[in-house]
Amino acid sequence: MNEYDNFFLKEAFNEANKALLENEIPIGAIIVDENKNIISRGFNLTKKNKCRLDHAEIIAIKNANNFFENGLYKNSILYVTLEPCLMCLFSAMTCGISKIVYGASCKEWGSVSFLENFNENSNFKKRIPLIIKNNKYEEEILFLIKSYFDKKRV
């Protein structure tokens, strides 16, 4: 990981904290352009919007739409606190995001292990963006999510 990845993942973590304040599952995302500018932010809004599709990544992708011609986010990077689900991964792929950096794995819904089962030579595999896990804030991210669910179970 480089210093930029750490900085931008921390920014995504700040978005996750905003979600927590809104009583949402605390997952945050940002999108950075090729010049290392944050062009979009998002956090989970599934409860507020009463829409299961409004994951942090989807919100960030929607918010970035004005910055890219034809809806193609070429050379952009998506930073997200939790490993993207398949819906979010496919959305990032469809928009042309070139790299995804996430902070914590998600064994239940994460897409990385799912993708590892694809044949290396398939056309689908060739379209998958580079996906990198950055462990720097994993403990904080998992603690934030766990605290949210612990409060719900009381």
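Residues numbered from 1 in each chain as written. Predicted model: local features only at pLDDT ≥ 70, side-chain atom pairs only at ≥ 80, totals over all residues. Heavy atoms only, no water.

Remarks on the pairing of strand β1 (residues 28-32)
Quick reminder of the rule: Each residue is assigned to one of three classes by its accessible area relative to the maximum for its type, calculated with a 1.4 Å probe on protein chains only: buried under 20%, partly exposed between the two thresholds, exposed over 50%. Secondary structure elements follow DSSP: runs of H or I no shorter than four residues count as helices, runs of E no shorter than two count as strands, and numbering proceeds from the N terminus. DSSP-based pairing: two strands are paired if at least 2 bridges between them are found.
Of all five residues that make up β1, five are buried, and the element is covered over most of its length. Burial along β1 is two-sided: the residues Gly-28, Ile-30 and Val-32 and Ala-29 and Ile-31 are all buried. In this sheet, strand β2 (residues 38-43) lies alongside β1 in antiparallel orientation, the contact comprising five bridges. Across the sheet, the residue bridging to Ala-29 is Gly-42, located in β2. Linking two consecutive strands that pair antiparallel, namely β1 and β2, is a turn of five residues; a positive phi of about 70° is found at Lys-36 within it.

Section: the confidence of the model for the chain
Regions with low pLDDT carry predicted coordinates that are not meant to be interpreted in detail. Counted only if it meets this: Here pLDDT means the predictor's own confidence in every residue, given as a number from 0 to 100.
Of all residues in the chain, 90% attain a pLDDT of 70 or more, and the chain-wide mean is 88. Helix α5 (residues 123-127) is the least confidently modelled element of the chain, averaging 63 in pLDDT, while β1 averages 98, the highest of any element.

Some details on the packing of helix α2 (residues 56-64) against helix α3 (residues 86-95)
To keep it simple, the criterion reads: What counts as an axis is a line fitted to C-alpha atoms, over the stretch in contact for a helix, and the angles between N-to-C directions run from 0 to 180 degrees. For classification, angles of less than 35 degrees are called roughly parallel, those exceeding 145 degrees roughly antiparallel, those between 65 and 115 degrees roughly perpendicular, and all remaining angles oblique. Crossing chirality is assigned from the near helix's rotation relative to the far helix, an anticlockwise turn below a right angle marking it left-handed and a clockwise turn marking it right-handed. Whether two residues are in contact is decided by their heavy atoms: any pair within 4.5 Å suffices. Three residue categories are used. Nonpolar comprises Ala, Val, Leu, Ile, Met, Phe, Trp, Tyr, Cys and Pro, charged comprises Asp, Glu, Lys and Arg, and polar comprises the others, including Gly.
Two numbers describe how α2 lies on α3: the axes approach to 9 Å, and their chain directions differ by 20°. When the axis of α2 is compared with that of α3, the two are roughly parallel. Judged by the sense of rotation from one axis to the other, the crossing of α2 with α3 is left-handed. On α3, the residues touching Glu-57, Ile-58 and Ile-61 of α2 are Met-87, Cys-88, Ser-91, Ala-92 and Cys-95. Considering only residue class, the contact of α2 with α3 consists of six nonpolar, one polar and one charged.

Here we look at α3
For α3, the complete set of buried residues consists of Cys-88, Leu-89, Ala-92, Met-93 and Cys-95. Gly-96 lies just past α3 and shows a positive phi near 85°.

Here's the deal with helix α1 (residues 3-21)
Keep this limit in mind: In a helix, the anticipated span is given by 1.5 Å times the number of residues less one. Contacts described as polar in this section are N or O atom pairs within 3.5 Å, which, within protein, must combine one atom able to donate a hydrogen with one able to accept it, while residues neighboring in sequence count only if both atoms come from side chains.
Under the 1.5 Å per step criterion, the end-to-end length of α1 is 28 Å for 19 residues, consistent within 8% with the ideal 27 Å. Those residues of α1 that sit buried are Asp-5, Asn-6, Phe-8, Leu-9, Glu-11, Ala-12, Phe-13, Glu-15, Ala-16 and Ala-19. Buried residues in α1 make contact with β1, β2, β3 (77-82), β4 (99-104) and α6 (138-153). Its side-chain oxygen 2.9 Å from the backbone nitrogen of Tyr-4, Asn-2 forms the N-cap of α1. Where α1 ends, the next residue or the one after it, Asn-23, has phi of about 65°, a positive value.

A word on the side chain of Ser-76
Topologically, Ser-76 is positioned in the loop between α2 and β3. The class of Ser-76 is buried, set by a relative accessible area of 0%. Not counting residues within four places of it along the chain, the set of residues in contact with Ser-76 comprises Ile-31, Val-32, Phe-68, Ile-97, Ser-98 and Lys-99.

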